[in-house]
Amino acid sequence: MMRKHTRLIGWLAAVVVIVCFCQLGRWQLHRMHDKQALLDQQLPARAQTLTLAKAQAARAQLRWVDDHGRFLPGTLLLDNQTREGRAGIKVYQPFRSDDGAVVLVDLGWLPMPGDRQLPTIAPRDGEARVAGLLAPPPATGLALGPAFTATAQPGVWLANRMPPDEAAAALSLPPGTLHSPVLRLDPALPGGYARDLELLPNTLPPSRHLGYAVQWFGLALTVLIVALVLEWRRRRRGQPPTLLP
């Protein structure tokens, strides 16, 4: 009876582990498809130019924007952003188009020195033309601690993530003013800092997610094979001896 109970617990544990590994594999496949779908939209997005308001109302994740308006006061420095293997920050400033739409504009990347001394930021001011890719914000990792921390520079906030409503509050904008997508400013435009239109600068490409999915499914298969081998050996040990002629 004890052996039967132990065998049942062993199979239950194996099934739980197999299901967990399969779920992790499915999650990696889901991430792969989401990121590949985002990359596949980049070229079609460049084929149609929209105003900021129309782009924000469109259903596609990526939209190409060309509009005129004015930069608003306040700057957000998104921490833990890498470029060419170097750690740094991305600089964001709110922009309001002539028809009233508001967006955070990605002005580019700056290196973060080893002593974590923030560089002096010269905010944009006045009327300007903006053009670029309206896209999801960069990955920011785990949401630990406060989203925004005040810096020694007036109106400049260090961010470890950018929830739209919290970003609006930090920038003294009404709730609901900002949306999740940010405007990746065209590198061909003057001003700002080092920038590009790389969509996955701070996260894994689709191929890596596929590789991890294969690993998780492989681990699930390994657990199943080990469980079957152990069951086969148990049954072999439990067979009565045969009489040889």
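Residues numbered from 1 in each chain as written. Predicted model: local features only at pLDDT ≥ 70, side-chain atom pairs only at ≥ 80, totals over all residues. Heavy atoms only, no water.

Peer 1: Help me get a handle on the overall build of the chain, residues and values and all.
Peer 2: A count of helices and strands for the chain gives five helices and nine strands. Taken over C-alpha atoms, the radius of gyration comes to 26 Å for the chain, far larger than the 18 Å a tight globule of 245 residues would show. On the principal axes, the C-alpha backbone points of the chain span a range of 100 × 45 × 35 Å. Looking at the 245 residues of the chain, the share that counts as buried comes to 37%. Counting contacts in the chain only where the partners sit at least 6 residues apart, residues at least 24 apart contribute 64% of the total. Surface accessibility of the chain: about 14,700 Å² in total, with carbon and sulfur atoms responsible for 61%. Charge separation in the chain, taken as the distance between the mean sites of 27 positive and 18 negative side-chain charges, equals 18 Å. (Helix = DSSP H or I, 4+ residues; strand = E, 2+ residues; numbered from the N terminus. Rg over C-alpha atoms; globule rule 2.2 N^0.38 Å. Buried < 20%, exposed > 50% of the residue type's maximum accessible area, 1.4 Å probe, protein only. Contact = heavy atoms within 4.5 Å. Areas by Shrake-Rupley, 256 points an atom, 1.4 Å probe, with all protein chains shown as cover. Lys, Arg positive; Asp, Glu negative; His and termini not counted. Charge placed at Lys NZ, Arg CZ, Asp CG, Glu CD.)

Peer 1: I'd like a description of the confidence of the model for the chain, backed by residues and values.
Peer 2: Caution applies to low-pLDDT parts of the model: their predicted coordinates are not meant to be read in detail. On average, residues of the chain score 85 in pLDDT, and 91% of them are at 70 or above. The element-level mean pLDDT for the chain is lowest in helix H2 (residues 42-46), coming to 69, with strand S5 (residues 102-111) highest at 94. Within the model, the stretch residues 241-245 combines pLDDT values under 50 with zero contacts to residues more than four positions away or in other chains. (pLDDT = per-residue confidence, 0-100.)

Peer 1: Got a sec to walk through the pattern of salt bridges? Specific residues and values, please.
Peer 2: Taken as a whole and judged by the stated rule, the model has eight salt bridges. Between Arg83 and Asp196 there is a salt bridge, with its nearest N and O atoms 2.9 Å apart. Note that Arg83 is positioned in strand S3 (residues 75-83) and Asp196 in the loop between strand S9 (182-185) and helix H5 (206-238), a separation of 113 residues in sequence. Under the relative-accessibility criterion, Arg83 is labelled partly exposed at 23%. A salt bridge links Asp196 to Arg184; the shortest N-O distance between them is 3.7 Å. With Asp196 in the loop between S9 and H5 and Arg184 in strand S9, this pair connects stretches of sequence that are 12 residues apart. Overlapping salt bridges, with partners in common, bring together Arg83, Lys90, Asp106, Arg184 and Asp196 in one network. (Salt bridge = Lys/Arg side-chain N within 4 Å of Asp/Glu carboxyl O.)

Peer 1: Give me the nonpolar core: which residues, what numbers.
Peer 2: Counting residues in each nonpolar core, the largest one holds 26 residues, and the members touching the most others are Leu77 and Val105. Secondary-structure elements contributing two or more residues to this core are helix H3 (52-57), strand S2 (63-71), strand S4 (86-97), S5, strand S6 (126-135), strand S8 (156-159) and S9. With 17 residues, the next largest nonpolar core counts Val102, Ala167, Ala170 and Val182 among its residues. (Core = buried A, V, L, I, M, F, W, Y, C linked by side-chain atoms within 4.5 Å.)

Peer 1: Give me unusual backbone geometry: which residues, what numbers.
Peer 2: Glycine aside, residues mostly have negative phi angles, and peptide bonds mostly take the trans form. Positive phi, close to 60 degrees, is recorded for Asn80, a residue that is not glycine. Mapped onto the elements, Asn80 comes out in strand S3. Residue Ser172 is not a glycine yet carries a positive backbone phi of 60 degrees. You can see Ser172 is positioned in the loop between helix H4 (164-170) and S9.

Peer 1: I'd like a rundown of the pairing of S9, residues and numbers included.
Peer 2: Side-chain alternation along S9 places Val182 and Arg184 on one buried face and Leu183 and Leu185 on a second face that is also buried. Across two bridges, S5 lies against S9 in parallel orientation. Following the sheet pairing, Asp106 is matched in S9 by Arg184. Pairing of S6 with S9 involves four bridges; the strand directions are antiparallel. Counted as the bridge partner of Leu133 is Arg184 from S9. (Pairing = 2+ DSSP bridges.)

Peer 1: Describe the packing of aromatic side chains, listing the residues and the values that go with them.
Peer 2: Under the definition given, this model contains two aromatic pairs. Ring geometry for Phe21 versus Trp216: centroids 5.4 Å apart, planes at 35 degrees, classification tilted. Highlighted residues: Phe21 in helix H1 (residues 2-40) and Trp216 in helix H5, separated in sequence by 195 residues. With a centroid separation of 5.2 Å and an interplanar angle of 70 degrees, the aromatic rings of Phe71 and Phe95 are classed as edge-to-face. Here the residue Phe71 occupies a position in strand S2, and Phe95 occupies one in strand S4, the gap between them amounting to 24 residues. Classification of Phe71 by relative accessible area gives buried; the value is 3%. (Phe/Tyr/Trp six-rings, centres within 6.5 Å; stacked < 30°, edge-to-face > 60°.)

Peer 1: Tell me about the pairing of S6, and please be specific about residues and values.
Peer 2: Most of S6 sits out of view: eight of its 10 residues are buried. Where S2 lies against S6, nine bridges are found, and the strand directions are antiparallel. From the neighbouring strand, Phe71 faces S6, where its bridge partner is Gly126.

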